[in-house]
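Summary of the model geometry
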Amino acid sequence: MTASAEHRFVCELANGLHARPASVLAEAAGGFTSEVLIIRDDGLSADVRSVLSVVGLNVQRGDAFTIRAHGDDAVDAIAALRSIMELGLVDDEAAPLAGLSCKLPPALRMMGVAYTPGLGVGGGSAIGRAVNVGGLELPIEARHAVPAGVEEELRRARDATQGLARELKQRAEGAFDVMEASLLGAHAQIAGDTALWSAVESRVRKGDTAERAIVGAAEEMAARLRSVDSAYVRERAVDVIDIAMQLVDRLIPGVLSGVCPVLESDSIVFADTLTANQLLSLDRRHLRGLVLGAVGQTSHTVIIARNIGLPCIIDVAAAAGIAAADTVAAVDGDGGFVISPVDDRVHRFYEAEQRVRIRKRERVRPIVCRPAATADGVPLEVGVTAVDADEVRDSVANGADGVGLFRTEFLYLHRDEPPGEDEQRAVYVDVIEAASDRPVILRTFDTGGDKPAPYLRLSREDNPFLGVRGVRLHQRRPDLLDAQLRAMVSAADGRPIKVMAPMVSTVAEMAWFRQRVRALSGSVLVGMMVEVPSLALSIDRIAPHADFFSIGTNDLCQYWMAADRGNTGVARIGDELQPAFLRVLRRICDDARTAGVWTGVCGEMGGRVENLPLMIGLGVDEVSAGPAGVAPIKLAVAEADSGRCRSLLDAACELDSADEVRELVSGFAWRAVHDGPPIIDAACIELGVDATSKAEAIKAVVDLLAITGRTDSPRDVEEAAWAREETYSTGLGHGIAIPHCKCASVKWPTLAVVTLSRPVEWDATDGQPVGTVFLLAVPEGEAAGGGGSAHLKIFATLARRLVHEAFRQGFSACRDAAQAEAFLRDQLAV
């Protein structure tokens, strides 16, 4: 019997109803025969099965809309879509980072180099040979080909779209990177999009070949998307072109070779438009940077570039025509510009940038690669939170003590059936081997809540975060849990792994979970997430059933504060620095310590370096951070004093608001040596530097601050030094210059020194070139220890000494940095 049903929604996705959530709805609607429409309040509507039509509706956060179904299974269709909407259409795409407007570093500016501006969206810089990549364009013979007949052309087009949709879906199921899987899943839906197909069919029936119809329909659809007010929707036009390219490649094999070139050496890719598929097809071994036209900060291309840490600039006018093929070019994602061609001066500049990165990494390697401990000897393991073996391998190389959390639920998402035992075992083996005998904590699948798996066919829940998820789902589907546990135990093969259950609420649940693991292995450590408030007051009761605890601060905080962490309207309430939340964390850790149970923190709170003193104050055994966070946390641990951190935590627990806690933490002297490193240090002295100009000499002496960790923004320090230099020359005569500056980017007062292998022109008072440069850099503000009196005292003492020939000769006689440090300490009495 034909029926109608509908349900009204309000979009809560930060980026609106864009391609990936729309593709989830389209996939679900495809399982029903009823017509299903999404209808805006102004009457505009679209077929839910058409991702492009839904995206084109431009539904933004806060917009109300209705989904209406008409047909034999209309009621079931609406129930299924409502379930997906309310189970959690996850906006897994972070808000775009603000791009960096073009700003040439002082050294390059002083050189007067020519450059092309853009918007920096990917950090770092790189040099490589220019490779120009074109867009969607049919070969001449295809543009003039005679159609083989309507039915034959439709068959060719249909075979291409269906084949591509199947391939993309299979690639999505096999992709382990979450973002890549999500993107491929959305593209699979676009390939089979009903609106796109209708446009193709219409063009074929009017006399086009399949190839011309696909290109024409895609360009028409892309133009429609580009006309929408929302920049986010406009940027989806690239996805349509991406699919069209792949369809044409299926009809004319090899046509993509011109738009996805083979990279054979370090390369900078220039393109007016580069699709995500083109980027994924490029050889990352040789890809060093991207120079793109108007692709948008939220385009999938930019998102992927950021994820893989690729220097990238966008909004570059006529990007594809800037550099001739094979010309050496430099892309600067920090400065937002590209230089092509590159001359010797620019080449030297970026070689110096590369040396700074290498020396900085090498300087901290001994610290981050040893077991972390506070300055007073309290150990703290720093693990990595990872989703694949590559992240584990890279993190271990950068000092991770193990894997604090390996999320396995992503194996269960974006597919039609759960993963098999062999498939899972292969993944776990890769992760365990990547950890190189370091401990690995594997969390059993945590689907449900914000991570629905449609094949589980769970009933709709009014509040899925409080429903059947974690260990509750395990108990409903013990077959899935047992298969996963068998795969884990088999993969471990005697190596150190820990298995933990998510969303445990009761002692009985944990006892049940432990029994399931023990039935398969007597040696694997069995633990649990502490993320439900009921356990905060039951640690002593549940401790006998757990070998370890891992505090999931994300969920624990939202449950404890009764504030949905996905709802920005209550974000201030759900702040992890709320004193009430800190008090419950302290209670958990104290009780776990009394029970003798190892306790880590795997939530985002523990992975933020600014929260580290609180974590140390809690006395946890481990914190787990994202791959990029491991090294900074290990460096900070080495500076901490555990007693001061405990005092900080106690003081924070006595406050009344998160803002008060934040202010307390930022100003608290929790470091063991809170005055910072000595102002004169051999690490900030370098003799015999090869500089060819004043600009290179200033850059070289500022780089010493970056290498030694005294600044994270050397270009800001360089600007400050040049600001003073442009007021008057700091060349004092006798071949010596003393540039100086106050800068907020300087962490501690520093006297950095370089001697040059060949003196450079400095506009000094005596007209002679400069061969020795003393840079005095101090932080701004009294709180940072950079008071004006200290700055003036050091500067005055140095200036007085430099006029004496004995001082100059004494310094010149120093044969290495250590001798120079000792000489300066003695002479300046610092």
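First things first, this report covers the structure right here in the doc. Computed from a predicted structure; not experimentally measured.

All right, on to the overall build of the protein then. Secondary structure assignment for the protein yields 32 helices and 27 strands. Residues counted as buried form 54% of the 830 residues belonging to the protein. For the protein, contacts bridging at least 24 residues in sequence account for 72% of all contacts bridging at least 6. Counting only carbon and sulfur atoms, one obtains 50% of the accessible surface of the protein, whose full area is about 34000 Å².

In this section: the packing of helix H23 (residues 579-595) against helix H26 (residues 642-653). Here H23 crosses H26 at 130°, and the two axes come no closer than 8 Å. Between H23 and H26, the interaxial angle falls into the category oblique. Mapping the contact onto sequence places Pro579, Leu582, Arg583 and Arg586 in H23 and Leu649, Asp650, Ala652 and Cys653 in H26. Of the residues assigned to the contact of H23 with H26, the class counts are five nonpolar, no polar and three charged.

It is worth spelling out the layout of surface pockets at this point. Of the voids in this model, the second largest pocket is the one considered here, and its volume is about 340 Å³. Along the walls of the second largest pocket sit 17 residues, with Ala352, Arg355, Val689, Asp690 and Ala700 positioned nearest its centre. Mapped onto the lining of the second largest pocket, the elements with two or more residues apiece are helix H14 (344-368), strand E22 (685-689) and helix H28 (694-707).

What follows is about empty space enclosed by the protein. What the rule picks out here adds up to two cavities of 30 Å³ or more. Around the largest cavity, the lining residues are Thr161, Ala191, Asp193, Leu196, Trp197, Val200, Ile214, Ala218, Val240, Ile243, Ala244 and Leu247. At the level of secondary structure, the elements contributing two or more residues to the lining of the largest cavity comprise helix H8 (194-205), helix H9 (210-226) and helix H11 (237-251). Ranked by residue count, the leading element in the lining of the largest cavity is H11, at four residues. Along the lines of polarity and charge, the residues of the lining of the largest cavity split into ten nonpolar, one polar and one charged. Here the second largest cavity is characterised by a volume of approximately 50 Å³.

Our next topic: the environment of Ile633. Tracing the chain through its elements places Ile633 in helix H25 (residues 630-639). The exposure class of Ile633 is buried, given its relative accessible area of 1%. Ile633 sits 26 residues away from Gly607 along the chain, and the two C-alpha atoms are 7.9 Å apart. In contact with Ile633, not counting residues within four places along its chain, are Val382, Gly606, Gly607, Val609, Leu612, Val623 and Ala625.

All right, on to the sheet that holds strand E19 (residues 548-551) then. The parallel closed barrel is built from eight strands, whose spatial order is E14-E15-E16-E17-E18-E19-E20-E21. Between one strand axis and the next, the sheet turns by 30° as a mean value, whatever way the strands run. Two strands pair when backbone bridges link them, and strand E16 (residues 440-443) and strand E17 (residues 497-501) are joined in this way by four bridges, in the parallel orientation. Bridged to Leu442 within E17 is Val499. The strands touched by helix H18 (residues 478-492) are E16 and E17; relative to E17, the strand with the most contacts, the crossing angle is about 165°. Across the face of the sheet, H25 comes into contact with strand E14 (381-386) and strand E21 (622-625) while running at roughly 165° to E14.

For the rest of this paragraph, the subject is the nonpolar core. Most often, soluble globular proteins have nonpolar side chains that are buried together. By size, the foremost hydrophobic cluster in this structure holds 91 residues, and its most contacted members are Ile497, Phe513, Met528 and Phe549. Setting aside residues no more than four positions away along its own chain, Phe513 makes contact with Thr444, Val471, His474, Leu481, Val499, Met500, Ala501, Val526 and Gly527. In terms of nonpolar packing, the next biggest core, distinct from the first, is built from 64 residues, Leu184, Ala213, Ile214 and Met221 among them.

Following Ser340, the chain continues to Pro341 via a peptide bond in cis, the omega torsion being 0°. As for its position among the elements, Pro341 is in the loop between strand E13 (337-339) and H14. Phi angles above zero are rare outside glycine, and Ala318 is one such case at about 50°. Of note in the backbone geometry, Asp326 takes a positive phi value of approximately 75° without being a glycine. In this structure, Asp326 sits in the loop between strand E11 (312-314) and strand E12 (328-332).

Right, let's get into the pairing of strand E18 (residues 525-530). Across the six residues of E18, five count as buried, placing the element largely inside the fold. As defined by bridge partners, E17 adjoins E18 across four bridges and the pair is classed as parallel. Bridge pairing in E18 links Val499 to Val526. After leaving E17, the chain enters helix H19 (residues 507-518) and then returns to the sheet as E18, a path that is right-handed. Pairing analysis gives four bridges linking E18 to E19, with the strands arranged parallel. Its bridge partner lying in E19, Met528 is registered against Phe549.

Basis of the calculations
- Residues numbered from 1 in each chain as written.
- Predicted model: local features only at pLDDT ≥ 70, side-chain atom pairs only at ≥ 80, totals over all residues.
- Heavy atoms only, no water.
- Helix = DSSP H or I, 4+ residues; strand = E, 2+ residues; numbered from the N terminus.
- Buried < 20%, exposed > 50% of the residue type's maximum accessible area, 1.4 Å probe, protein only.
- Contact = heavy atoms within 4.5 Å.
- Areas by Shrake-Rupley, 256 points an atom, 1.4 Å probe, with all protein chains shown as cover.
- Axes fitted to C-alpha atoms, helices over the stretch in contact; angles between N-to-C directions.
- Parallel < 35°, antiparallel > 145°, perpendicular 65-115°, else oblique.
- Nonpolar A, V, L, I, M, F, W, Y, C, P; charged D, E, K, R; others polar.
- 1 Å grid on protein atoms, 1.4 Å probe; cavity = no way out; pocket = protein on both sides within 12 Å on 5 of 7 lines; lining within 4 Å.
- Points joined across faces, edges and corners; volume = space filled by probe spheres on them.
- Pairing = 2+ DSSP bridges.
- Core = buried A, V, L, I, M, F, W, Y, C linked by side-chain atoms within 4.5 Å.
- Right-handed = clockwise from strand over helix to strand, strands pointing away.

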